[in-house]
Amino acid sequence: MTANTTKTTRIYLSSPHMSGRELEYVQDAFATNWIAPLGPHVDAFEREMAAAVGAGHAAALSSGTAAIHLALLLAGVESGDDVIVSTLTFSASVNPIIYCGAKPVFIDSEYESWNMNPALLADELDSRARAGRLPKAVMVVHLYGQSADLDPIVAACQRHGVTLIEDAAEALGATYRGRSPGTIGTMGVYSFNGNKVITTSGGGMLVSDDADLIARARKLATQAREPAPHYEHAEIGYNYRLSNVLAAIGRGQLEVLEERVTARQRNAAYYQAALSDTPGIAIQPEASWGTHARWLTCITIDPAEFGADREHVRLALEAQNIESRPVWKPMHLQPVFAEYESVGGDVAADLFEHGLCLPSGSNLCESDLERVVTIIRESVGLG
Ligand SMILES: *Cc1c(COP(=O)(O)O)cnc(C)c1O
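Residues numbered from 1 in each chain as written. Predicted model: local features only at pLDDT ≥ 70, side-chain atom pairs only at ≥ 80, totals over all residues. Heavy atoms only, no water.

Some remarks on the layout of surface pockets
For clarity, the cut-off: Only protein atoms enter the calculation, which uses a 1 Å grid: trapped sets of points that fit a 1.4 Å probe without letting it out are cavities, open sets showing protein on both sides within 12 Å along at least five of seven lines are pockets, and any residue with an atom within 4 Å of a point is a lining residue. Grid points are joined across faces, edges and corners, and a volume is the space filled by probe spheres set on the points. Residue classes follow a fixed rule: Ala, Val, Leu, Ile, Met, Phe, Trp, Tyr, Cys and Pro count as nonpolar, while Asp, Glu, Lys and Arg count as charged, and any other residue, Gly among them, counts as polar. Here the bounds of each domain stem from an automatic or database domain assignment.
The volume enclosed by the largest pocket comes to roughly 260 Å³. Lining the largest pocket are 16 residues; nearest its centre among them are Leu-13, Asn-195, Trp-295, Arg-325 and Trp-328. Residue composition of the lining of the largest pocket, by class: nine nonpolar, three polar and four charged. Counting residues domain by domain, the lining of the largest pocket receives three or more from each of domain 1 (21–254) and domain 2 (257–378).

Given below as structure tokens:
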């Protein structure tokens, strides 16, 4: 047998990429015995993250999902309320709505950014206002590293006094008219899961310009302890704080955020150039309002023009030990959310049917990207 080295090293969609500095901070956490869900690295990570995205305040939490849950609670979402949310997203955007006993209402995407269609949202809020059934909150998701078109979304929410929460779990490093998505609504959420732009292995951050909201988030995340020498509780709390050890990793990662984003944008530029003359393949567009951080580079495949569908391409890559993934299956098509209302959904369904996320890690080299492109083209006999 001949060893096939190109086949033996698996290429992942997005794998952790440490800088080396993380370990120094972790060693400090050990040396000072701050092995706890609080400590100096948690405080510093919160300050540094708030500064990096331009938010007033930040609370470090155990996951992005925990941050979304707390944001909903802080927005006053209660049992029986409606929460409007993008349908094209990961289930973690929606599960916390159910934790609150509330009902998601899904909104379709627009092709320009793949994110929430602002006109559909505005119409839905206007008609709900007339019917006296406004939602308690709107949660807009910034997919794959690209901001949604926030100005009209903010305007529609403000017109009706509805709290806007931004799920920016995938969009750290992106911009919207020069600002960071996640800092423009009332609250924003970031994730440091293992496959995100930067990682703490698991973790999240809730940001806001409202100091009271972030203080409330910290309290709820620490079992809702009242200020008293004994354990006093006046409301239900959660155990959602980030470990000081993981915050130490986050500080090291934050120092290289710009480099990581640049590397991902280089991946996208490579794919764009190398696939530009391949019929039926298009890269997720970069909208006019900001910089796409390219957490993942996603393509759409038109089977009529390309000669095969996205599943054919995915399997061809997998056969060569390369991970790729279909674009998120929209929430209105998920069996678990089938009973909830959806406003449109055909654009999201179309992006799911034709969309594929390509290997996009900041630690990929050009020969990895070249392999991916070659396999995509060879899957339909193109040289
Ligand atoms: C990753 C992700 C989350 C959840 O973050 P965790 O830290 O994994 O809990 C939420 N929303 C979106 C869109 C995500 O991609």
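Notes on empty space enclosed by the protein
With the rule as written, the count across this model stands at one cavity of 30 Å³ or more. The computed volume of the largest cavity comes to approximately 40 Å³. In this structure, the largest cavity is lined by Ser-15, Pro-16, His-17, Lys-196, Val-197, Ile-198, Thr-199, Gln-253, Arg-260, Arg-264 and Ser-362. Looking at side-chain class alone, the lining of the largest cavity contains three nonpolar, five polar and three charged residues. For the lining of the largest cavity, the domains that each give at least three residues are domain 1 (21–254) and domain 2 (257–378).

Section: the sheet that holds strand β7 (residues 204–208)
Using the following cut-off: Any two strands are treated as partners once DSSP identifies two or more bridges connecting them. Going along the chain from the N terminus, every DSSP run of H or I of four or more residues is numbered as a helix, and every run of E of two or more is numbered as a strand. Here, two residues are considered to be in contact whenever any of their heavy atoms come within 4.5 Å of each other. In this analysis, axes come from line fits to C-alpha atoms, helices being fitted only over the stretch in contact, and the angle between any two N-to-C directions falls in the range 0 to 180 degrees.
Strand order in the open sheet formed by eight strands is β1-β7-β6-β5-β4-β2-β3-β11, and the pairing between neighbours is mixed. Sheet topology places β1 (57–61) and β11 (342–343) at the edges, where each strand pairs with a single neighbour. Here strand β2 (residues 82–86) runs beside strand β3 (residues 103–107); their pairing, made up of five bridges, is parallel. Bridge assignment links Val-83 to a residue of β3, and that residue is Pro-104. Packed on one face of the sheet, helix α8 (residues 211–221) meets β1, β6 (187–191) and β7 and runs near 15° to β1.

As for the domain arrangement of the protein
Which entries qualify depends on this criterion: Accessible area, probed at 1.4 Å, shrinks when two parts are joined; the buried area is that loss added up over both. A pairing counts as a salt bridge when a side-chain nitrogen of Lys or Arg comes within 4 Å of a carboxyl oxygen of Asp or Glu. Within 3.5 Å is the distance limit for a polar contact, defined as a pair of N or O atoms, with the added protein rule that one can donate a hydrogen and the other accept it, and that residues adjacent in sequence qualify only through two side-chain atoms.
Looking at the protein, the domain boundaries give domain 1 (21–254) and domain 2 (257–378). One C-alpha centre belongs to domain 1, the other to domain 2, and the line joining them spans 25 Å. On the domain 2 side, the residues contacting the 44 residues of domain 1 number 39 residues. Counting each side, the surface lost to burial between domain 1 and domain 2 is near 3,800 Å², with a carbon and sulfur contribution of 63%. Its largest share of buried area at the contact with domain 2, domain 1 owes to Phe-106, Trp-114 and Tyr-144, together 23% of the area lost on that side. If you look at where domain 1 meets domain 2, you find two salt bridges. Residues Glu-341 and Arg-128 are paired through a salt bridge, measuring 3.3 Å at the closest nitrogen-oxygen approach. Counting every contact that joins domain 1 to domain 2 gives 27 residue pairs in polar contact (both at pLDDT 80 or more). Contributions of two or more residues to the side of domain 1 that touches domain 2 are made by α5 (95–99), β3, α6 (118–131) and α9 (244–254). Here the side of domain 1 that touches domain 2 gets five residues from one element, more than from any other, and that element is β3. Residues of the side of domain 1 that touches domain 2, tallied by class, amount to 20 nonpolar, 13 polar and eleven charged.

Examining the site of the ligand
Keep this limit in mind: Proximity is defined per residue: any heavy atom of the residue falling within 4 Å of a molecule or strand makes that residue near it.
Neighbouring residues of the ligand: 16 residues in total, closest Thr-65, Asp-167, Glu-170, Ser-191 and Lys-196. A distance of 2.7 Å separates an oxygen atom of the ligand from a polar backbone atom of Gly-64. At a separation of 3.1 Å, an oxygen atom of the ligand approaches a polar side-chain atom of Asn-193. At three residues, helix α4 (residues 64–74) tops the list of elements feeding residues into the shell around the ligand. Each residue belonging to the shell around the ligand can be placed in one class, and the counts come to five nonpolar, eight polar and three charged.

Examining the side chain of Ser-324
Threshold: Three labels apply to residues, based on accessible area from a 1.4 Å probe with only protein chains included: buried if under 20% of the type maximum, exposed if over 50%, partly exposed otherwise in between.
For Ser-324, the position within the fold is in the loop between α12 (310–319) and β10 (325–326). Taking the relative accessible area as the measure of exposure, Ser-324 reaches 5% and is therefore buried. Residues in contact with Ser-324, not counting those within four places in the same chain, are Leu-13, Arg-314, Leu-317, Leu-356 and Cys-357.

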